[in-house]
Amino acid sequence: MCCNSRLARACGRREDLALITPAHASRVRERGAGPDRRCSRLRSTGWGTYPLPHVEGRSPEQAPAGPEPREQVLALLRRYGWNATSFQVLQPGFQYWFDPAGDACVAYVDTGGAWVAAGVPIAAPERLASVAEGFRVAARAVDRRVCFFATEPRFMELAPMASLPIGEQPVWDPVHWDDVVRGSRSLREQLRRARARGVKVREVPVTELGDPLHPTRRAVELLKARWLASRRMAPMGFLVQLRPHAFASERYAFVAEVEGEVVGFLSVSPVYAREGWFLQDLLRDPEAPNGTAEALVDAAMRAAAATGRRYVTLGLAPLAGPVRPWLRLARACGRPLFDFEGLRTFKGKFRPDAWVPIHLSYPEPRGGLAAVYDALRAFAQGGLLRFGIATLLRRPRLLVHALAVLLVPWTALLALPSTARWFPSVQVQWAWVVFDVGLTVGLFSLVRRWRDALATVLGGLTAADACLTFVQAVTYNVPLARSPLDGALIALAVLAPATASGLLFSSRDLRLPGR
């Protein structure tokens, strides 16, 4: 399949292209060559290739012409792209290390402390071990650790190294999809509901998705914005970038519509070496009819069977299956941010033929924790702290949960006899204790099941708490303050309910971008 037109369009974008040189492993970035320049020119080295930037005054004939790096990667993918996530390495943000023989490469993200590979090396099966070792040596030369995220059992057999189970991946042979539907009453019911609500699924031609001005493309972009706004976490990078229109000529896509309005979208990436499909980006409008997602998967499975595919996957269900105890603990603690069990259940409803274990592989002994940390940094697109702050600001309800937890020890401290001096009388002290106990119960009830009406009531109560506390602080507590610590406690007593009130009011009625 020819990709020249797509690559010509890519030349006009500002994209970072980085490959490794043997001498000092420096990265050379070429940004947005103009229309009068070659897209990229590559200089060969003993270890691989790297982009040769345009030099003013030098004619194109003075530099050997070569393919753009992602064109090289795409050519290798068409021969050796076996992992379900292999096609995703063509997304922006990846760097590429090429084997000296020119017949293999590794796509990775440099976190500053490690090179985190996206899947396994793109290479012939018999070359996986040697290419992985070459990649490790190149990383060590620039003082980087190495890990391979989302490896399948085949890689561990051909390139043995330490690994950590991080989840499972469902797979199907779409030839048997009719049997799956007939054997699942709940799936048939969801498909019936979608049909009853007028949901119609169609395949999207490349001309529609590849044109930024086409109504379908614009509708998908708006759906993407609404879907992202409904997520609990800040957008991530690495293998979960949401770019459904990238390389449209290489992919399949389906939209679900109700009376011509897009309410769902499914992007399908090829798994070349297995002649299969990865159902990658499954987006459903928060207000779409029940059964919309199931209708999209059903349409894709039938299209896969009709085109002779024998392998389909919905991708990784993270932390599912037999993972280590500390990862199970992380799954439980992370439930407010990501519904790991819900995702596993959703994928399981389609009754896969098998669940394939997915691993995080790393060559360094006892490097499991470091590999997990490096992988998390790759997904966070930088610092984990910055990602955590962005997520908290995106979802104030998480902070409401934290305030509910912190209110428990605060209320216990108010009830202690030693704090009586901060209140005008014992009656006032216990009135505050009873008030905070009631507020704590209300906040935990709200965290358990969010209701905007209850959030409004609690927001009003915490606002009144802040006002009354301020009055008491000014008229009674400030004159009693004897140290900076006393002043800090008084300020905390005033600011905490004011902050809680603001969070409660701002968390009501999550607003999504309009259609």
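All values derive from a computational prediction rather than experimental measurement.

S.K.: Account for the overall build of the protein, with residues named and values stated.
M.R.: If you tally the helices and strands in the protein, you get 17 helices and 14 strands. Put simply, the protein has 515 residues, and 48% of those count as buried. Sequence separation of 24 or more characterises 70% of the internal contacts of the protein that already satisfy a separation of 6 or more. As presented, the protein carries roughly 24,600 Å² of accessible surface, and 60% of it is formed by carbon and sulfur atoms.

S.K.: Residue-level account of the pattern of salt bridges, with values.
M.R.: This structure, assessed with the given rule, holds 22 salt bridges. A salt bridge links R78 to E250, with the nearest nitrogen and oxygen atoms 2.5 Å apart. Separated by 172 residues along the polypeptide, R78 in helix α2 (residues 69-80) and E250 in the loop between α8 (215-229) and β9 (252-258) bring together distant segments of the chain. According to the relative accessible area criterion, E250 is buried, its value standing at 7%. The partner of E189 in a salt bridge is R192, with the nearest N and O atoms 2.6 Å apart. Taken as a pair, E189 and R192 lie in helix α6 (residues 185-196) at a separation of three residues, close to a single helical turn.

S.K.: Please set out the layout of surface pockets residue by residue, giving values where relevant.
M.R.: Its boundaries defined by the atoms lining it, the second largest pocket holds a volume of some 720 Å³. Taken together, 27 residues form the lining of the second largest pocket, with W410, L414, L489, L492 and A493 sitting closest to its centre. Of all the elements in the fold, those that place two or more residues in the lining of the second largest pocket are α14 (396-414), α15 (426-448), α16 (452-480) and α17 (484-506). Top contributing element to the lining of the second largest pocket by residue count: α17, with eight residues.

S.K.: Just give me the short version of helix α9 (residues 292-306), but keep the residues and values in it.
M.R.: In this model, α9 (15 residues) spans 21 Å end to end at C-alpha, consistent with the 21 Å of a helix rising 1.5 Å per residue. Where burial is concerned, most of α9 is hidden: twelve out of the 15 residues are buried. All buried positions along α9 are accounted for by T292, A293, E294, A295, L296, V297, D298, A299, A300, M301, A303 and A304. A positive phi of about 85 degrees marks G308, the residue just after α9.

S.K.: Residue-level account of the pairing of strand β11 (residues 276-284), with values.
M.R.: The element β11 is extensively covered by neighbouring structure, given that seven of its nine residues are classed as buried. Relative to β11, strand β10 (residues 261-271) is paired through eight bridges, and the arrangement is antiparallel. Across the sheet, the residue bridging to F265 is L283, located in β11. Across two bridges, β11 lies against strand β12 (residues 312-313) in parallel orientation. From the neighbouring strand, F278 faces β12, where its bridge partner is T313.

S.K.: Describe the nonpolar core, with residues and values.
M.R.: If you look at the biggest cluster of nonpolar residues, it comprises 41 residues, and the most contacted ones within it are V73, F94, I122, F149, F238 and L360. When contributions to this core are tallied by element, the ones reaching two or more residues are α2, β3 (95-98), β4 (105-110), β5 (114-118), β6 (145-151), β7 (162-172), β14 (354-362) and α12 (368-380). The contact partners of I122, leaving out residues within four places of it in the chain, are V73, L76, L77, Y80, V89, D103, A104 and C105. Core analysis: the next-biggest nonpolar cluster, separate from the first, contains 28 residues, L191, V258, V297 and F350 among them.

S.K.: Just give me the short version of the packing of aromatic side chains, but keep the residues and values in it.
M.R.: Summed over all chains, the structure comprises 16 aromatic pairs. Aromatic pair F346 and F350: ring centres 5.2 Å apart, planes at 85 degrees, arrangement edge-to-face. Look at F350 and you get buried, because its relative accessible area is 0%. Through a chain of ring-to-ring contacts, three or more aromatic side chains come together here, namely W97, Y108, W115, F135, F148 and F155. Sitting over the ring of W82, R154 keeps its end group 4.0 Å from the ring centre. Seen from the ring of W82, R274 lies directly overhead, with NZ or CZ sitting 3.5 Å from the centre.

S.K.: Lay out unusual backbone geometry with the relevant residues and their values.
M.R.: Glycine aside, a negative phi is what most residues show, and trans is what most peptide bonds show. The residue A150 is not glycine, and still its phi comes out positive at about 70 degrees. Relative to the elements of secondary structure, A150 occurs in strand β6. On the accessibility criterion, A150 (8% relative accessible area) is buried. Its identity is not glycine, yet E275 carries a phi of approximately 50 degrees, on the positive side. The topology assignment puts E275 in the loop between β10 and β11. Judged by relative accessible area, which is 54%, E275 ranks as exposed.

S.K.: Lay out empty space enclosed by the protein in plain terms, naming residues and giving numbers.
M.R.: Going through the model one piece at a time under the given rule, you end up with five cavities of 30 Å³ or more. Roughly 50 Å³ of volume is contained in the second largest cavity. Lining of the second largest cavity is provided by Y80, G81, W82, N83, S86, A118, V120, P121, I122 and R154. Of the residues in the lining of the second largest cavity, the class split is six nonpolar, three polar and one charged.

S.K.: Any details on the pairing of β7? Residues and values, ideally.
M.R.: Most of β7 is tucked away: ten of the eleven residues are buried. Sheet topology note: the β7/β14 ladder contains nine bridges and is antiparallel. Counterpart to G167 in the pairing with β14 is I358. Here β7 pairs with strand β13 (residues 317-318) via two bridges, running antiparallel. In the strand pairing of β13, E168 is matched with A317. Across two bridges, the pairing between β7 and β12 is antiparallel. Each residue of the ladder has a partner; that of V171, found in β12, is T313.

Quick notes on the rules
- Residues numbered from 1 in each chain as written.
- Predicted model: local features only at pLDDT ≥ 70, side-chain atom pairs only at ≥ 80, totals over all residues.
- Heavy atoms only, no water.
- Helix = DSSP H or I, 4+ residues; strand = E, 2+ residues; numbered from the N terminus.
- Buried < 20%, exposed > 50% of the residue type's maximum accessible area, 1.4 Å probe, protein only.
- Contact = heavy atoms within 4.5 Å.
- Areas by Shrake-Rupley, 256 points an atom, 1.4 Å probe, with all protein chains shown as cover.
- Salt bridge = Lys/Arg side-chain N within 4 Å of Asp/Glu carboxyl O.
- 1 Å grid on protein atoms, 1.4 Å probe; cavity = no way out; pocket = protein on both sides within 12 Å on 5 of 7 lines; lining within 4 Å.
- Points joined across faces, edges and corners; volume = space filled by probe spheres on them.
- Expected span 1.5 Å × (residues − 1).
- Pairing = 2+ DSSP bridges.
- Core = buried A, V, L, I, M, F, W, Y, C linked by side-chain atoms within 4.5 Å.
- Phe/Tyr/Trp six-rings, centres within 6.5 Å; stacked < 30°, edge-to-face > 60°.
- Lys NZ or Arg CZ within 6 Å of the ring centre and 35° of its normal.
- Nonpolar A, V, L, I, M, F, W, Y, C, P; charged D, E, K, R; others polar.

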